[in-house]
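In case you want the letters, here they are:
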Amino acid sequence: MSGLLIIGASQAGVQLAVSLRALGHEGPVTLLGEENHRPYQRPALSKEFLQGIITKESLIFRTQEYWDGHRITVVKNERIVRIEKKDDGSGTAFARSGASFDFGRLALTVGARARRLQLPGADLPGVLYLRNADDALELKARVPAVRDVVVIGGGFIGLEAAASLTKLGKRVTVLEAGPRLVGRAVGPETSEHLRAHHTERGVEIVLDAQASRVVPNGDAVGGVELVDGRVVPADIVLVGIGVVPNTELAESLGLECDNGVVVDRYAVASDGVTVAVGDCANLPNPVPGAPTGDRVRFESVNNAIEQAKVAAYAITGRQEEYAGIPWFWSNQGELKLQIAGLSSGADRTLVRRDDEKGKFSVLYYRGDRILAADCVNHPLDFMAVKAALASEAAIPFEQALDPETPLKKITVAAAAPRETRSET
Amino acid sequence: MPKVTFTDAIGDTRTVEANPGDSVMETAVRNGVPGIVAECGGSLSCATCHVFVDPVDFASLPPMEDMEDEMLYGAAVDRADTSRLSCQIRVTEDTDLHVTTPETQV
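What counts, and at which threshold
Residues numbered from 1 in each chain as written. Chains lettered and ligands numbered in written order. Predicted model: local features only at pLDDT ≥ 70, side-chain atom pairs only at ≥ 80, totals over all residues. Heavy atoms only, no water. Buried < 20%, exposed > 50% of the residue type's maximum accessible area, 1.4 Å probe, protein only. Helix = DSSP H or I, 4+ residues; strand = E, 2+ residues; numbered from the N terminus. Pairing = 2+ DSSP bridges. Expected span 1.5 Å × (residues − 1). pLDDT = per-residue confidence, 0-100. Contact = heavy atoms within 4.5 Å. Buried area = accessible area lost by both parts, 1.4 Å probe. Salt bridge = Lys/Arg side-chain N within 4 Å of Asp/Glu carboxyl O. Polar contact = N/O pair within 3.5 Å; in protein donor to acceptor, adjacent residues only side chain to side chain. Nonpolar A, V, L, I, M, F, W, Y, C, P; charged D, E, K, R; others polar.

**Q** How do you make sense of the pairing of strand 7 (residues 105–108) of chain A when you look at a structure like this?
**A** Residues in a regular strand point their side chains to alternate faces of the sheet. Residues and elements named next belong to chain A. Residues R105 and A107 point to one face of strand 7 and L106 and L108 to the other, with burial holding for every one of them. Two strands pair when backbone bridges link them, and strand 1 (residues 4–7) and strand 7 are joined in this way by 4 bridges, in the parallel orientation. Looking at strand 7, one finds that L4 is bridged to R105. Relative to strand 19 (residues 275–276), strand 7 runs parallel, the two sharing 2 bridges.

**Q** Sorry if this is basic, but what is going on with helix 5 (residues 188–200) of chain A here?
**A** Because each turn of an α-helix spans 3.6 residues, side chains separated by three or four positions end up pointing in the same direction. Taking 1.5 Å of rise per residue, 13 residues should cover 18 Å, and helix 5 of chain A covers 18 Å from first to last C-alpha, within 8% of that figure. One or two positions beyond helix 5 of chain A, positive phi appears at G202 of chain A, with a value near 100°.

**Q** So what exactly am I meant to see when it comes to the confidence of the model for chain B here?
**A** On average, residues of chain B score 94 in pLDDT, and 100% of them are at 70 or above. Interface confidence for the predicted complex, expressed as ipTM, amounts to 0.92; the pTM equals 0.95.

**Q** Could you clarify how one ought to interpret the sheet that holds strand 18 (residues 261–262) of chain A in this entry?
**A** Within a sheet, neighbouring strands are paired by backbone hydrogen bonds and run either parallel or antiparallel to one another. Residues and elements named next belong to chain A. Overall, mixed pairing links the 3 strands, which are arranged 18-20-21 in an open sheet. Pairing within the sheet leaves two strands with one partner each, and these edge strands are strand 18 and strand 21 (295–296). With 2 bridges joining them, strand 18 and strand 20 (residues 281–284) adopt parallel strand pairing. Directly across from V261, in strand 20, lies its bridge partner A281.

**Q** Can you help me understand the interface of chain A and chain B in this one?
**A** Many authors give the size of an interface as the accessible area that is lost as the parts come together. Across the boundary between the two partners, chain A contributes 26 residues, which contact 19 residues of chain B. Of the roughly 1900 Å² buried at the junction of chain A and chain B (both faces included), carbon and sulfur atoms supply 54%. Between E70 of chain B and K359 of chain A there is a salt bridge, with its nearest N and O atoms 2.8 Å apart. At the boundary of chain A and chain B, one finds 12 residue pairs in polar contact (both at pLDDT 80 or more). Mapped onto the side of chain A that touches chain B, the elements with two or more residues apiece are helix 7 (301–315), strand 22 (327–332), strand 23 (335–341) and helix 8 (379–390) of chain A. Residues belonging to the side of chain A that touches chain B are distributed by class as follows: 11 nonpolar, 8 polar and 7 charged.

Laid out in C-alpha cells, this is it:
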C-alpha cells in the first residue's frame, strides 16, 4: 500500500493527517514517529507536566478510536534512516529496525533537535535537555533528589523550566550567554520585564554568562564553572540553547535545505512533490506586507498547524494561502507571555504597563504600521493586536500610548480589503 | 459515565463520553469533534476552544477566572452571555453538559 507517508508524529505531522481527512482526502495515510509514545503535545512538558499538574495521558493528541475511525495508520518507535525516492515522488523509507515503508508521496514533519552543549563535561550524567517526552520523564524522575539546578540558556524553554523547578522548591540559576533574556524572540523591554519577574520569585539570573566547563562531582555533574572561575553548584544542568532543524533525510534526497527544508508557499519542497512542515521547514515569510523574498523558519505550534493545513490543501490539489498571523506563547510560572506578529524591522516601540494589575505589553511599529506585540499577562492587548494584524487594521501609535485605553476601541479598520501577496 | 453534547453552528449534534478530570476541550479534540481548534493545547493562550454553554448548564459551572474572561473578548466569533473557553471547564463524575460550537475559531 503506498499512500502518503508522514515522517514525524509531531504537532505538524498530526495536523497534516487530521487536515487531510477533514478535507476529504481518501488515500492511505501513515503517520510514523521515532519515539515509543503515541503522538503527543510537547508544550506542556516544561510546564504543567513537569510540575505534576497534568499526567502523560492528557498530552495525547487523539484517541486510538479516532485514528482507526479516520483510517490513519499510526506507527511508533520507528526511526527512518534511509529513503529511496523516484522522480514522481514515490519510493520506500527504511527504518533502523529493518522495517520498510512504501509511499506514493512523502511528507517530512521531522522537527528539530536540541542543540547540544559544547563544553568540557557536557556528557556527564545529569546534563539534561528538554525536547521530548523521554527528556521530560528523565528530568521529572531526577527532580525529587535535586536541590540546585543550573539552566544554561535564558530562552523560552529555559525560563519555563526554571519557573517550574522554582515552584517545585529548587534553587535555580539561569546562565544566559547574551546580554538579555529571550533575545531572539522579544525586545529589550520585555527581556527586562521577564528578568525582574523571575528574579523576584527567587530565580538567580546571570546575563553575559560565559560558562567554561561542567564540573564533575564524582561520576555525575556537580556544577558549572564560569570563565571568571566562579562555580555555580548544580545537581542537574538543564540545557536550553536552541534547536537545530532535522534536515538530514531531506539532504539525502537532494532537497534544497538552508536553515531547514526550503519549501514554497504551499509547503512543497524543491522536488515539486515532497512536502515539509513545521520546525524543519524554511518558508516564505507569510506575514502580509513582508519583504519579497524574505524567508523564515518558525519554531511554534501555530506554524505547525497553519503550515500543515496549507500542505494538506496542496496534497489534495488546491493552492491555499497561509492563514492568520504568526503567534507564540510561553507560560513561565505565573507569567503568561503571548506574542503576536513578527517584530523584525520595527523602528519604534511603545510600552503599556499597569503594575497594579501586573499587565505589561510592548507594541512594535514600523512608522505608523503595527508589526507585533509582546504581551505579559495581558490577553486583551494580545487579542486586539492579533486581530488588527490579521485584518491589516491600524492601531494609532499616539492613542495606544495610554495603557488605560483598550486597543480594540482605537483600532481602525483597513480602508481596502487585504491584497493578495505577490509571488516570491 | 460523564458526557458532553456538542452541537455545531449548523445544528449537528454529537454526544461524547468523557473522563472525569479532563477538560471539555480535551474531550472534544481527542475524539475529533470538529469546531474546537485548541491551538495552545489548553494553556489559556489562544481562545480557539470557545463554546456557548447551554444556559441551564452554564449556571452549574464554577465561575471563570479573569484571564479566561479577557481571552474571550478576542474570540473569533463574538462572545455571548454563556460563552466559555472549553479548556477551562473540567469534567466531573456527574457532568452532562451541552455546548454549541461557533461558526469559526480562527
